[in-house]
Amino acid sequence: MYVAVKGGEKAIKNAHQLLADRRRGKRDVPEISADQIREQLSLAVDRVMSEGSLYDRDLAALAIKQARGDLIEAIFLIRAYRATLPRLGYTQALSTATMQVERRISAIFKDLPGGQVLGPTFDYTHRLIDFKLAAEQEIASGVEAQAQPGAPMPKVASLLGEEGLIETASAADGEGDPTEMADITREPLSFPCGRDLRLQSLARADEGFLLALAYSTQRGYGRTHPFVGEIRVGAVDVEFFVEELGFEVPLGRLQVTECEMVNQFVGTDTLAPQFSTGYGLVFGHCERKAMSVALVERALRAEEFGETVQAPAQDAEFVLSHCDNVQAMGFVEHLKLPHYVDFQSELQLVRQLRKDFAARPAQGAEKASVK
Amino acid sequence: MIESPHETGYNFAYLDEQTKRMIRRAIMKAIAIPGYQVPFAAREMPMPHGWGTGGVQLTAALLGPEDVLKVIDQGADDTTNAVSIRQFFQKTAGIATTTRTDEASIIQTRHRIPEMPLKAGQILVYQVPIPEPLRFLEPRETETRKMHALEEYGLMHVKLYEDIARHGYIATTYAYPVRVEGRYVMDPSPIPKFDNPKMQMSPALQLFGAGREKRIYAIAPHTRVASLDFDDHPFKINRFDRPCALCGGEGVYLDEVLMDDRGQRMFVCSDTSYCESRRAMGHGPVDASAEPAR
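Residues numbered from 1 in each chain as written. Chains lettered and ligands numbered in written order. Predicted model: local features only at pLDDT ≥ 70, side-chain atom pairs only at ≥ 80, totals over all residues. Heavy atoms only, no water.

K.L.:
Help me understand the sheet that holds strand 2 (residues 68-73) of chain B in this model?
P.N.:
Strands in a sheet are paired, the pairing made by backbone hydrogen bonds, and the direction either parallel or antiparallel. Residues and elements named next belong to chain B. Spatially, seven strands are ordered 1-9-8-5-4-2-3 in an open sheet, and the strand pairing comes out mixed. At either margin of the open sheet sits one strand with a lone partner, and together these are strand 1 (38-39) and strand 3 (96-97). Lying on the sheet, helix 3 (residues 80-93) is in contact with strand 2, strand 3, strand 4 (106-110) and strand 5 (123-127); it crosses strand 2 at an angle near 155°. (Pairing = 2+ DSSP bridges. Helix = DSSP H or I, 4+ residues; strand = E, 2+ residues; numbered from the N terminus. Contact = heavy atoms within 4.5 Å. Axes fitted to C-alpha atoms, helices over the stretch in contact; angles between N-to-C directions.)

K.L.:
Just checking my understanding: could you explain the confidence of the model for chain A for this structure?
P.N.:
Any residue range with low pLDDT should be treated as having predicted coordinates unsuitable for detailed reading. Residues of chain A with pLDDT of at least 70 account for 91%, and the chain-wide mean is 88. Low pLDDT, under 50, characterises residues 1-5 of chain A; the predicted model gives this stretch eight contacts beyond four residues in sequence or across chains. (pLDDT = per-residue confidence, 0-100.)

K.L.:
Is there a simple way to think about the interface of chain A and chain B in this case?
P.N.:
One frequently used descriptor of interface size is the decrease in accessible area upon assembly of the parts. If you look at the interface, chain A gives 49 residues, while chain B gives 64 residues. Contact between chain A and chain B buries roughly 4600 Å² in total, counting both sides, with carbon and sulfur atoms accounting for 58%. Taken together, chain A and chain B are joined by four salt bridges. Two residues, B:Glu44 and A:Arg79, come together in a salt bridge whose shortest N-O distance is 3.0 Å. (Buried area = accessible area lost by both parts, 1.4 Å probe. Salt bridge = Lys/Arg side-chain N within 4 Å of Asp/Glu carboxyl O.)

K.L.:
Would you explain the packing of helix 9 (residues 207-218) of chain A against helix 10 (residues 287-300) of chain A in this entry?
P.N.:
Each pair of packed helices can be summarised by the angle the axes make with each other and by the distance between the axes. Residues and elements named next belong to chain A. Contact geometry of helix 9 with helix 10 gives a least axis separation of 8 Å together with a crossing angle of 55°. On the basis of the axis angle, helix 9 is oblique to helix 10. In this structure, helix 9 meets helix 10 at a crossing whose hand is left-handed. Residues Glu207, Leu210, Leu211, Leu213, Ala214 and Thr217 of helix 9 pack against Arg288, Lys289, Ser292, Val293, Leu295, Val296 and Ala299 of helix 10. (Parallel < 35°, antiparallel > 145°, perpendicular 65-115°, else oblique. Left-handed = near helix turned anticlockwise from the far one by under 90°.)

K.L.:
What is the right way to look at the nonpolar core in this model?
P.N.:
For soluble globular proteins, nonpolar side chains are generally found buried alongside one another. Ranked by internal contacts, the top residues of the largest apolar core, which has 50 residues, are B:Ile23, B:Leu63, B:Phe89 and B:Ile216. In contact with B:Ile216, not counting residues within four places along its chain, are B:Ile23, B:Ala26, B:Ile27, B:Ala30, B:Tyr36, B:Gln37, B:Val38, B:Phe40, B:Leu58 and B:Phe208. Counting residues in each nonpolar core, the second largest holds 27 residues, with A:Ile105, A:Ile184, A:Val282 and A:Val293 among its members. (Core = buried A, V, L, I, M, F, W, Y, C linked by side-chain atoms within 4.5 Å. Buried < 20%, exposed > 50% of the residue type's maximum accessible area, 1.4 Å probe, protein only.)

K.L.:
What exactly am I supposed to notice about the environment of B:Val225 here?
P.N.:
All names here are of chain B. Tracing the backbone through its elements, the reader meets valine 225 in strand 10 (residues 225-227). Along the chain, valine 225 and proline 197 lie 28 residues apart, while their C-alpha atoms are 7.8 Å from each other. What valine 225 contacts, discounting residues up to four positions off in sequence, is Val178, Arg179, Met199, Gln200 and Ile219.

As structure tokens, this is what we get:
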């Protein structure tokens, strides 16, 4: 009976076998393929890529299959894999201004150069369960928006920038030499931290955590008066500067979602009133995440704008230390591990405290009556 | 670079050599400033944070092909997590493992220090959940780092004093803070305070790894490690009033095992290797093993 208390190799092996069995489910239902997940659960794949910080659709799809659809578990698989990959170098900064856009909307101008492109969005669907979807059916191919083909699509912020109405990103934000950028995967997070570290942390942060924090800023906990300046989703080229060649070579393309929030800023003694921004950039099509990042990012800049830091979303140490779901899930779930050595010392202490308590009946009675 | 003897597709002991070098540099700094928490760029490991990712990274950076590894959790070699970590290194490094404390060159532990005194040349790797001893008094890292820099430990002494004022003794039973070489206050990880004296002047190297919190710290061999206390309330460890029910060992830490739903319980060695070696030498129960029902 004593042996039964301690775990064992056999128990672990059996648990893994059972896990594989449950993952497969009923054998008379065809097994799902990673290809199917990649193509038909693409938004789940995008979230896993984005929070896993690794742009690989096939691997993300496989991770989702292996994790039985538990996305945080899948994110964890991707992170652990990516940690073993060698760091070859840093690419040039992505140019989202020259993005091949599949969706681009602005909430602050009715129309703008390049036009509004809805793209594939749930925004105006009625959330009615489509019972027909339960059966397989042919789906006609979609109509790609070709509003103004070939026309440039300048960033909304740059349109406002011409009048000096909006802040412009500075070199201190990490623009410029990519080798001088902070890298959260190579340096531990330390405070106070710059915008580069902040944006990197938020880009891989848990969507749910950021969503709730962003929401809290809208409800008065660190209000930022936000407007969606622009959301754009599409493909951007990744370029790498090769020292030996002396020029940049394209490595491939990524799909990213970018959100720029435009926020009111009334100015201070030294700064003229102008719009400030919150920024979010994530892998794949993750609009809710990109918006949440942008809202929280702006809230975290409170100090920079001389705003009182009083809400959770404005507190960099609080937000950035707790936004990583791989860290959070690990530490919360580690409570499942045995703690009987510590509990034994607590047992001894509580027994001692109770003994002391019983030995002081008068004091004890007094305490009880106060409660 | 040492090639992995196994077909895992990963480097020897999982981590790439650059990462190991980064960790070794942090270890060197930690040894040079005993008790000081050295930030390091912890990687995501294939087990969750809280399962010992800090300890695993230390072990991965330390292991060579000749090493013999022992892994314990709650003092036992056969707890599920200890089994899992041991298997991880068997698979990725192909090294020899043992359950015997005296045979191991590296011992990775969670929540205990082995009962058998460690020797020079051995390395004890602790898994650490919260490396900051001041964390529950001050949640901000920016503040606690300042407090360490200024050697400002008043808050901790006030906390211990308040315990004494309230209970007559210090009501901290595990993760009991220590002062290392008269300078840094350090969290010994959640070992019971029973184990604290084993850290003092140990001939073995003691390394502490916190993966999620990205910190490494160390106690070099033969370093002074004092549990915090007051002159009129010296540090005391809790002793068990009975021997181990299996090997009769005394002066060791015991696990309480519930036998049934009528209050029947037994107390047995938490250090399974120690208990087994004693039983192998012919020691056995001293008297009736189980406590009668209350």
